[in-house]
Amino acid sequence: MSRFPYPAYPNGWFRVAYSEELAPGDVKPVHYFGRELVVFRGEDGEARVFDAFCPHLGAHLGHGGKVEGDGIRCPFHAWRFDGEGSCVEVPYAKRVPPKARVAAWPVCERNGIVLVHHHAEGKPPSYEIPVLEECSDAAWSKPENRFWKVRSRWLDMNENAVDGIHFKYIHGVPSFPTAEIHVDGPVFRVDNTMRFSTPKGEIDSTLTTIDHGPGFQIVRITGAIDTLMLNTATPIDEDDTDVSFSYSVRHEGDEQKKRVGAARIRDLEHQFEQDLPIWENKAYHEKPMLCAEDGDFGAYRRWMRQFFSESW
Ligand code: FES
Ligand SMILES: [Fe+2]
């Protein structure tokens, strides 16, 4: 019995790799959305995601498949698929079976991340992932990527975004943040103003979280140092999620700021790990018992419903 009343696989864009993990010619088997997939980068430089199993006799293209041109060749009997997933060559046959193809998933690559579009009914993407200036600005540090496999679902973990109260009791911030929520279609933004404890005392800070759909979140933090986090979460199966946070700071080449930035990143990683045991063991209450000071969970939950094909 699932811990959650809603489907495990929302519709939207989800990370399948960081760009740096996928050079031209690279082939990676991945398991997301309860399915086997193959991620590869063609010789044309484009990242692609296909269903993994060859329509011929079922070999996994991610285990031994070889990139050729914009497509991939199966390791078992050498059928070749083009960049759209159509079989274009069976080297030992006079005729290619006309229906031979593997499903090619929509892919976009932004901000150093390769994302795939999942839709339960196979509909095309209805929103885009924005291009962020910080990702091509030399004043910002090279992103540091961290990975966690979490026994939960991102939309449940991410209620954190509206849960200002837990900042004090889980993360030890000295006071409760004030939060303003802005909802615009697939975008859910929370502007928090808060005080942070630092070794030099308490300082004022802003923390903005911006969700673009159910798998990609931008977090910007000001205060001791400007920080950018790109948080991505891809469902592995009904129970587990592949979460990755990519951290950068605006150090502008300054050694002192680099040290402050490194400490900030360690602190943010630690904060994630403070949340983990809560997320992995909590229940999902459809009707939580809230009080007036709690965050606006209703706004968040109304927003997230748009990413499901089924209602619940
Ligand atoms: S299983 Fe792929 S070519 Fe035979
Ligand atoms: Fe948290």
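Residues numbered from 1 in each chain as written. Chains lettered and ligands numbered in written order. Predicted model: local features only at pLDDT ≥ 70, side-chain atom pairs only at ≥ 80, totals over all residues. Heavy atoms only, no water.

**With respect to unusual backbone geometry**
Here is step 1: The backbone of Phe-33 shows a phi angle near 55 degrees, a positive value even though the residue is not glycine.
Here is step 2: When its relative accessible area of 3% is taken as the criterion, Phe-33 is described as buried.
Here is step 3: Although it is not a glycine, Ala-78 adopts a positive phi angle of roughly 70 degrees.
Here is step 4: Following the sequence through the fold, Ala-78 ends up in the loop between strand E6 (71–73) and strand E7 (80–81).
Here is step 5: Judged by relative accessible area, Ala-78 falls into the partly exposed class, the value being 22%. (Buried < 20%, exposed > 50% of the residue type's maximum accessible area, 1.4 Å probe, protein only. Helix = DSSP H or I, 4+ residues; strand = E, 2+ residues; numbered from the N terminus.)

**Observations concerning the pattern of salt bridges**
Here is step 1: Across all of its chains, the model carries 24 salt bridges by this definition.
Here is step 2: Across the pair Asp-137 and Arg-250 runs a salt bridge, and its minimum N-O distance is 3.8 Å. You can see Asp-137 sitting in the loop between strand E11 (113–118) and strand E12 (144–150) and its partner Arg-250 sitting in the loop between strand E18 (241–249) and helix H3 (255–281), a full 113 residues away along the chain.
Here is step 3: Residue Arg-250 is classed as partly exposed on the basis of its relative accessible area of 28%.
Here is step 4: In this structure, the salt-bridge partner of Glu-252 is Arg-250, at a minimum N-O distance of 3.2 Å.
Here is step 5: For Glu-252, a relative accessible area of 43% translates into the label partly exposed.
Here is step 6: Within this structure, Glu-68, Arg-73, Arg-80 and Glu-89 form a network of salt bridges that share partners. (Salt bridge = Lys/Arg side-chain N within 4 Å of Asp/Glu carboxyl O.)

**What to know about the side chain of Thr-208**
Here is step 1: Examined against the element boundaries, Thr-208 turns out to sit in strand E15 (residues 201–212).
Here is step 2: Looking at Thr-208, its side chain comes within polar contact range of the side chain of Asp-191, at 3.3 Å.
Here is step 3: Setting aside chain neighbours within four positions, we find Thr-208 in contact with Arg-189, Val-190, Asp-191, Ile-218, Val-219 and Arg-220. (Polar contact = N/O pair within 3.5 Å; in protein donor to acceptor, adjacent residues only side chain to side chain. Contact = heavy atoms within 4.5 Å.)

**Focus on empty space enclosed by the protein**
Here is step 1: On inspection of all chains with the given rule, the structure shows three cavities of 30 Å³ or more.
Here is step 2: Counted as a void, the largest cavity has a volume near 310 Å³.
Here is step 3: Asn-160, Met-229, Asn-231, Phe-245 and Asp-275 are the residues nearest the centre of the largest cavity, which is lined by 21 residues in total.
Here is step 4: Of all elements in the fold, only helix H1 (154–157), helix H2 (164–169), E15, strand E16 (216–221), strand E17 (227–235) and H3 reach the threshold of two or more residues within the lining of the largest cavity.
Here is step 5: Here the lining of the largest cavity takes five residues from H3, the largest share from any one element.
Here is step 6: A breakdown of the residues in the lining of the largest cavity according to their chemical character gives 12 nonpolar, eight polar and one charged.
Here is step 7: A volume near 90 Å³ is recorded for the second largest cavity.
Here is step 8: What lines the second largest cavity is a set of 14 residues, among which Ala-8, Pro-10, Arg-153, Trp-154 and Pro-235 lie closest to the centre.
Here is step 9: Within the residue set of the lining of the second largest cavity, elements represented by two or more residues are H1 and E17. (1 Å grid on protein atoms, 1.4 Å probe; cavity = no way out; pocket = protein on both sides within 12 Å on 5 of 7 lines; lining within 4 Å. Points joined across faces, edges and corners; volume = space filled by probe spheres on them. Nonpolar A, V, L, I, M, F, W, Y, C, P; charged D, E, K, R; others polar.)

**With respect to the packing of aromatic side chains**
Here is step 1: Within the structure shown, the criterion is met by 22 aromatic pairs.
Here is step 2: Judged by centre distance (5.4 Å) and plane angle (75 degrees), the ring pair of Phe-14 and Phe-33 falls under edge-to-face. Here Phe-14, found in strand E1 (residues 12–18), pairs with Phe-33, found in the loop between strand E2 (27–32) and strand E3 (35–41); they are 19 residues apart in sequence, far enough to count as distant.
Here is step 3: Ring plane angle 70 degrees and centroid distance 4.9 Å describe the contact between Trp-303 and Phe-307, whose orientation is recorded as edge-to-face. You'll find Trp-303 and Phe-307 in the same group, each marked buried.
Here is step 4: Each residue in the set Trp-148, Trp-154, Phe-245, Tyr-247, Phe-272 and Trp-279 is aromatic and connected to the rest through ring pairs, giving one cluster.
Here is step 5: Against the face of Phe-176 rests Lys-168, its NZ or CZ located 5.2 Å from the ring centre. (Phe/Tyr/Trp six-rings, centres within 6.5 Å; stacked < 30°, edge-to-face > 60°. Lys NZ or Arg CZ within 6 Å of the ring centre and 35° of its normal.)

Keep in mind these values describe shape, not function.
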